[in-house]
Amino acid sequence: MFRFLSSITSFFVFFVVSIAIAGEHFVPITSYRTGPYGVSGAPAANGYVDYLKMINARDGGVAGVKLAWEECETAYKPDRFVECYERLKNKGEAGATVFQPLGTGLTYSVIDRLAADKIPLITMGYGRTDASDGSVFPWVFPLMANYWSISTAKIKFIGEQEGGMDNLKGLKIANVYHDSAYGKETLPVLLKQAEKYGFELKGFPVAHPGLDQKATWLNVRRYKPDYVILRGWGVMNQTSIKEAARQRIPANKLVGVIWSCSELDTVPAGKAAIGYNCSSLINPGSDYKVFDDILKYVYDAGEGTGEREEVGNQQNYKMGVLMGIMTVESINKATEKYGNKPMSGEQVRWGIENLDLNEARLKEMGIEGFIPAFKVSCSDHEGSAPVKFQTWNGKAFEPASDWISTDQSIVRPLIEASAAGYAKEKGITPGCNG
Amino acid sequence: MFYREAGQFKTSYKKDQAILPIFQDKIAMVGMLLFCFVVIPMFATDYWLTSILVPFLALSLAALGLNVLTGYAGQISLGTAAFMAVGAFAAFNLQVRVPEIPFLVAFLWGGLCAAGVGILFGLPSLRIKGFYLAVATLAAQFFIEWLFTHFDWFTNYSTSGVITAPPMTLLGMAIDNPLSKYFLVLSIVVICAFLIRNLIRSEIGRSWMAVRDMDIAAEAIGINLMKTKLLAFGVSSFLCGLSGALWAYVVLGTVEPQAFDIARSFEILFMVVIGGLGSVSGAFLGAGFMILLPILLNNLGALITGGTISTETIAHIEYMVFGALIIFFLIVEPNGLARLWQTGKEKLRLWPFPY
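Residues numbered from 1 in each chain as written. Chains lettered and ligands numbered in written order. Predicted model: local features only at pLDDT ≥ 70, side-chain atom pairs only at ≥ 80, totals over all residues. Heavy atoms only, no water.

1. Overview of the overall build of chain B
So, point 1. Counting secondary structure elements, chain B contains 14 helices and four strands.
So, point 2. The C-alpha radius of gyration computed for chain B amounts to 21 Å, which stays within 12% of the reference 20 Å derived for 355 residues, consistent with globular compactness.
So, point 3. Here chain B holds 355 residues, and 51% of them are scored as buried.
So, point 4. Restricting to contacts in chain B with at least 6 residues of sequence separation, those with at least 24 account for 76%.
So, point 5. Of the accessible surface of chain B, which amounts to about 16700 Å², a share of 72% is contributed by carbon and sulfur atoms. (Helix = DSSP H or I, 4+ residues; strand = E, 2+ residues; numbered from the N terminus. Rg over C-alpha atoms; globule rule 2.2 N^0.38 Å. Buried < 20%, exposed > 50% of the residue type's maximum accessible area, 1.4 Å probe, protein only. Contact = heavy atoms within 4.5 Å. Areas by Shrake-Rupley, 256 points an atom, 1.4 Å probe, with all protein chains shown as cover.)

Here it is as structure tokens:
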């Protein structure tokens, strides 16, 4: 009886809510504000929503059609993400435009449904890595840089620190990683680079959630590495930085991945994090027109989603704004071909595949210097954007390098091999039909 | 008034031993099956089928398994999700290495492997009981999760450590749309539920209940404790393995070992406790409660507030309401929802008379 009542109620709920959104581009926002990663997910969601609000207020939407959005809480669980996906995919006049799961496990759980539902997925800076080969994965876009590309940039950064890639020979690099699918994903590409450049690599897994790493770091100390790559997520990062300091490994020998690169990781580690380097898809600093616009059009109007201090100053918030930028730009590109009306998922997929964020467009949008210029194509769903490295000075992140390009000569063959394997397993004929 | 047995006489032993002896029960069961197989597919949307009904059915199978172990045989287990993981990975590994095998055989194989692992981790039950056994099964939970994360052989050396279920075809038909998936899971669950219902009423089921109630007395009257307890672990883990395979193949499509972590074990334990220990319908009621209630609260929250309250607050309210309801149920009816249902049926037999 309980189920009967709940089914009747839910039926009416969907009916009422779905007719409320019409005549707008619908952007589903599957955020995680609760659960173990809620502290990272909440600012990102705030950034995303703030950017959409700003576009509506400043530009009146995209191509004259306003943006509508709805948040759904996933708590970083794949089954809840699938439920949110199914609930939101048909909302809005033309259906959902694009999903950004902000989680690798979440991405994997819906990849097989995308072709039937005709909805694209933007997975900026995370899995599924081999989706960079768009001929096998037409609906998944790991924009800007995927895990493997960022890994090559990291080795290049270390090379830069040493004064040249030749000086990498004979170095000892420790890879402290989160013991999960996410953490293990870069091992093959790191081993390939170790082969190519002649450095020694050793992996040190940290059991989830990573609050107790004393034993791991004792082993790292015994290994006497020259550099330590930190591939963590969530609370593991701050613990790793603190343990590294305790083991007298200087912070500037730590190189973190983009998901170990936020104030949430460095501030709790206190003094131990000063000098810590990590990679990022965006430039550090808050002096960009886009953040001024958000403060002016959203926060000054009292519509701010999160805290005012976060705007432009918090890494996760800025990544959220970046997510918003990608969505809006893709919708914008789609309207160039399909006209000024609410865009459907299929049309936005074309938009993403033909994204061309060159310097002129970045300047127009007020984000010149915030992100590098890059271009997406069918075979290259990534865009091969360069990666920035930043260092923590105790109060904020500062640039530690220029934009370092990724080494696609190493990454691309691996991606194509992996994608071909997937195509064979699933019986997909790869092809680029535009 | 309509639930009376007056006038229904059993004229043979066979009729007396039927699963549903009361005529009205037979009608209700047929009605419910018709509803599940005919009415729901006609009216349910894709969202309902994919996100609510199929996960509900898959998890209720696991809850059924745990109910057999904890509710009927009295062995507390916190390793349910580990056995689900074994089922999922075993089915996947068989299909990946021997592609010609039909997926149903792979499911059965997954169940059998899970049964084997369950029996292995059930060996401590021969010496320890209650809380200590729960801790021993907790070891199973962590060990299995670690095993699948660390040894790439289990994920067929995939770089990302997740397994992707191969596509399923039955008699030439591909099972890839919500409706066919729903029918597949529903059929498997209905068959298993009937089999378990029968098993419970047999000698094996009675020996399980004897072991649960007082194992020393059970041993005294000649029940072989080792066989009984290990059989309980085996049957329970078989169901959990089958449920895990369904979870990986039908519900999610790709699964990493973290999908079967300790939180999942606790979720299924709560389903069984709320639904009612020691009843087949209890597994379904508990699973329905745990899956539907959060979604209902989420949707109600979105409807009532219309987006003015953040999803974060709604999620937190969800947890609070959920916890409060669990506490309420455990105080008001510690035997779970199934007992409430049974009390209701008993009152119906006398209705409209108060006693």
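Let us keep going from here.
2. As for the packing of aromatic side chains
The description of two aromatic rings rests on the distance between their centres and on the angle between their planes.
Residues and elements named next belong to chain A.
So, point 1. Here the structure, examined in full by the defined rule, presents 31 aromatic pairs over all chains.
So, point 2. For the ring pair Tyr-147 and Tyr-182, a centre distance of 5.6 Å and an interplane angle of 65° mean the geometry is edge-to-face. In this pair, Tyr-147 is assigned in helix H5 (residues 147-162) and Tyr-182 in helix H6 (residues 181-184), connecting sequence segments 35 residues apart. Both residues of the pair, Tyr-147 and Tyr-182, count as buried.
So, point 3. Judged by centre distance (5.9 Å) and plane angle (75°), the ring pair of Trp-233 and Trp-259 falls under edge-to-face. With a gap of 26 residues between them, Trp-233 in the loop between strand E7 (227-231) and helix H9 (236-246) and Trp-259 in the loop between strand E8 (254-256) and helix H10 (263-266) connect regions that are remote in the sequence.
So, point 4. Looking at Trp-259, the relative accessible area reads 13%, which means it is buried.
So, point 5. Here Arg-231 stacks its cationic end above the ring of Tyr-147, 4.3 Å away from the centre of that ring.
So, point 6. Over the aromatic face of Trp-403 sits the side chain of Lys-388, whose NZ or CZ is 5.5 Å from the ring centroid. (Phe/Tyr/Trp six-rings, centres within 6.5 Å; stacked < 30°, edge-to-face > 60°. Lys NZ or Arg CZ within 6 Å of the ring centre and 35° of its normal.)

3. Examining the domain arrangement of chain A
Residues and elements named next belong to chain A.
So, point 1. Taken domain by domain, chain A consists of domain 1 (18-145 + 286-385 + 414-426) and domain 2 (147-280).
So, point 2. Each of domain 1 and domain 2 has a C-alpha centre, and the two are 28 Å apart.
So, point 3. Listed as interface residues are 21 residues of domain 1 and, on the opposing side, 17 residues of domain 2.
So, point 4. Interface of domain 1 and domain 2: buried area, both sides summed, is about 1700 Å²; carbon and sulfur atoms make up 60% of it.
So, point 5. Counting the contacts that link domain 1 with domain 2 gives zero salt bridges.
So, point 6. On the surface where domain 1 and domain 2 come into contact, there are eight residue pairs in polar contact (both at pLDDT 80 or more).
So, point 7. Sorting the residues of the side of domain 1 that touches domain 2 by element identifies helix H2 (38-59), helix H12 (315-338) and helix H15 (408-426) as the ones contributing at least two each.
So, point 8. The leading source of residues in the side of domain 1 that touches domain 2 is H12, at three residues.
So, point 9. Here the residues of the side of domain 1 that touches domain 2 are counted per class, giving 11 nonpolar, nine polar and one charged. (Domains from an automatic or database assignment. Buried area = accessible area lost by both parts, 1.4 Å probe. Salt bridge = Lys/Arg side-chain N within 4 Å of Asp/Glu carboxyl O. Polar contact = N/O pair within 3.5 Å; in protein donor to acceptor, adjacent residues only side chain to side chain. Nonpolar A, V, L, I, M, F, W, Y, C, P; charged D, E, K, R; others polar.)

4. Some points on the pattern of salt bridges
So, point 1. Considering all chains together, one arrives at 27 salt bridges over all chains under this definition.
So, point 2. Across the salt bridge formed by Lys-196 of chain A and Asp-407 of chain A, the nearest N and O atoms sit 3.5 Å from each other. With Lys-196 of chain A in helix H7 (residues 187-197) and Asp-407 of chain A in the loop between strand E13 (397-399) and H15, the pair connects residues that are 211 residues apart, well separated along the chain.
So, point 3. Across the pair Asp-215 of chain B and Lys-129 of chain B runs a salt bridge, and its minimum N-O distance is 3.6 Å. Taken together, the residues span a long stretch of sequence, with Asp-215 of chain B in helix H9 (residues 215-220) and Lys-129 of chain B in the loop between helix H5 (103-122) and helix H6 (130-150) at a distance of 86 residues.
So, point 4. Of the residues examined, Lys-129 of chain B reaches a relative accessible area of 48% and is grouped as partly exposed.
So, point 5. Through salt bridges with shared partners, a single network forms among Arg-58, Asp-59, Lys-289 and Asp-293 of chain A.

5. Quick look at helix H13 (residues 345-353) of chain A
All names here are of chain A.
So, point 1. The element H13 is largely enclosed, with a buried count of eight among its nine residues.
So, point 2. All of the buried residues along H13 are Gly-345, Gln-347, Val-348, Arg-349, Trp-350, Gly-351, Ile-352 and Glu-353.
So, point 3. The inward-facing, buried residues of H13 contact strand E3 (121-122), strand E4 (140-141) and H12.

6. Here we look at the state of the cysteines
So, point 1. For the coordinates displayed, the defined rule picks out two disulfides over all chains.
So, point 2. Covalently, Cys-72 of chain A is tied to Cys-84 of chain A through a disulfide, its sulfur atoms 1.8 Å apart. Taking the sign of the S-S torsion, -75° for the link of Cys-72 of chain A and Cys-84 of chain A, the bridge is left-handed. Of this pair, Cys-72 of chain A sits in strand E2 (residues 67-73) while Cys-84 of chain A sits in helix H3 (residues 78-88), and the two are 12 residues apart along the sequence.
So, point 3. Note on Cys-72 of chain A: relative accessible area 2%, which makes it buried.
So, point 4. According to the relative accessible area criterion, Cys-84 of chain A is buried, its value standing at 0%.
So, point 5. Across the disulfide, Cys-261 of chain A is cross-linked to Cys-278 of chain A (sulfur-sulfur distance 2.0 Å). Disulfide Cys-261 of chain A-Cys-278 of chain A: torsion about the S-S bond near 60°, hence right-handed. With a gap of 17 residues between them, Cys-261 of chain A in the loop between E8 and H10 and Cys-278 of chain A in strand E9 (residues 277-280) connect regions that are remote in the sequence.
So, point 6. On the basis of relative accessibility, which here comes to 1%, the residue Cys-261 of chain A falls in the buried class.
So, point 7. The thiol of Cys-192 of chain B is not disulfide-bonded; the next cysteine sulfur, from Cys-240 of chain B, is found 11 Å away. (Disulfide = S-S within 2.5 Å.)

7. Looking at the pairing of E7 of chain A
Residues and elements named next belong to chain A.
So, point 1. Among the five residues of E7, five are classified as buried, and the element is accordingly described as predominantly covered.
So, point 2. Both faces of E7 are covered, namely the face carrying Tyr-227, Ile-229 and Arg-231 and the face carrying Val-228 and Leu-230.
So, point 3. Note: strand E5 (residues 172-178) against E7, five bridges, orientation parallel. Looking at E7, one finds that Ile-173 is bridged to Tyr-227.
So, point 4. The parallel pair E7 and E8, bridged by H9, forms a crossover whose chirality is right-handed. (Pairing = 2+ DSSP bridges. Right-handed = clockwise from strand over helix to strand, strands pointing away.)

8. Thoughts on the sheet that holds E5 of chain A
All names here are of chain A.
So, point 1. A sheet is described by the order of its strands in space; here seven strands give the open sequence E6-E5-E7-E8-E9-E12-E13, paired in mixed fashion. The sheet is open, and its two edges are formed by strand E6 (200-206) and E13, each paired on a single side. Pairwise comparison of adjacent strand axes, ignoring direction, gives a mean angle of 30° for this sheet.
So, point 2. Across two bridges, the pairing between E8 and E9 is parallel. Bridging across to E9, Gly-256 finds its partner in Cys-278.
So, point 3. Contacts between helix H8 (residues 214-223) and the sheet are confined to E5, E6, E7 and E8, with E6 contributing the most and set at about 170° to the helix. (Axes fitted to C-alpha atoms, helices over the stretch in contact; angles between N-to-C directions.)

9. Examining the nonpolar core
So, point 1. Counting residues in each nonpolar core, the largest one holds 117 residues, and the members touching the most others are Leu-61, Phe-107, Tyr-182, Tyr-249 and Phe-289 of chain B.
So, point 2. If sequence neighbours within four positions are ignored, Tyr-249 of chain B has contacts with Ala-91, Phe-92, Gln-95, Phe-107, Ala-165, Pro-166 and Met-168 of chain B.
So, point 3. Listed in part, the 84 residues of the second largest apolar core include Trp-148, Ala-153, Ile-173 and Phe-291 of chain A. (Core = buried A, V, L, I, M, F, W, Y, C linked by side-chain atoms within 4.5 Å.)

10. Here's the deal with the confidence of the model for chain A
So, point 1. Per-residue confidence for chain A averages 87 on the pLDDT scale, and 94% of its residues sit at or above 70.
So, point 2. Across residues 13-21 of chain A, where pLDDT falls below 50, the model places 18 contacts with residues more than four positions away in sequence or in other chains. (pLDDT = per-residue confidence, 0-100.)

11. Topic: the interface of chain A and chain B
So, point 1. Of the residues lining the interface, 41 residues belong to chain A; the matching set on chain B comes to 39 residues.
So, point 2. Between chain A and chain B, the buried area comes to about 3600 Å², and carbon and sulfur atoms account for 60% of it.
So, point 3. The interface formed by chain A and chain B holds three salt bridges in total.
So, point 4. In this assembly, chain A and chain B are joined by seven residue pairs in polar contact (both at pLDDT 80 or more).
So, point 5. When residues of the side of chain A that touches chain B are traced back to their parent elements, those giving at least two are helix H1 (2-18), E2, H3, helix H4 (104-117), H6 and H15 of chain A.
So, point 6. Sorting elements by how many residues they give to the side of chain A that touches chain B places H1 of chain A first, with 10 residues.
So, point 7. Each residue belonging to the side of chain A that touches chain B can be placed in one class, and the counts come to 14 nonpolar, nine polar and 18 charged.

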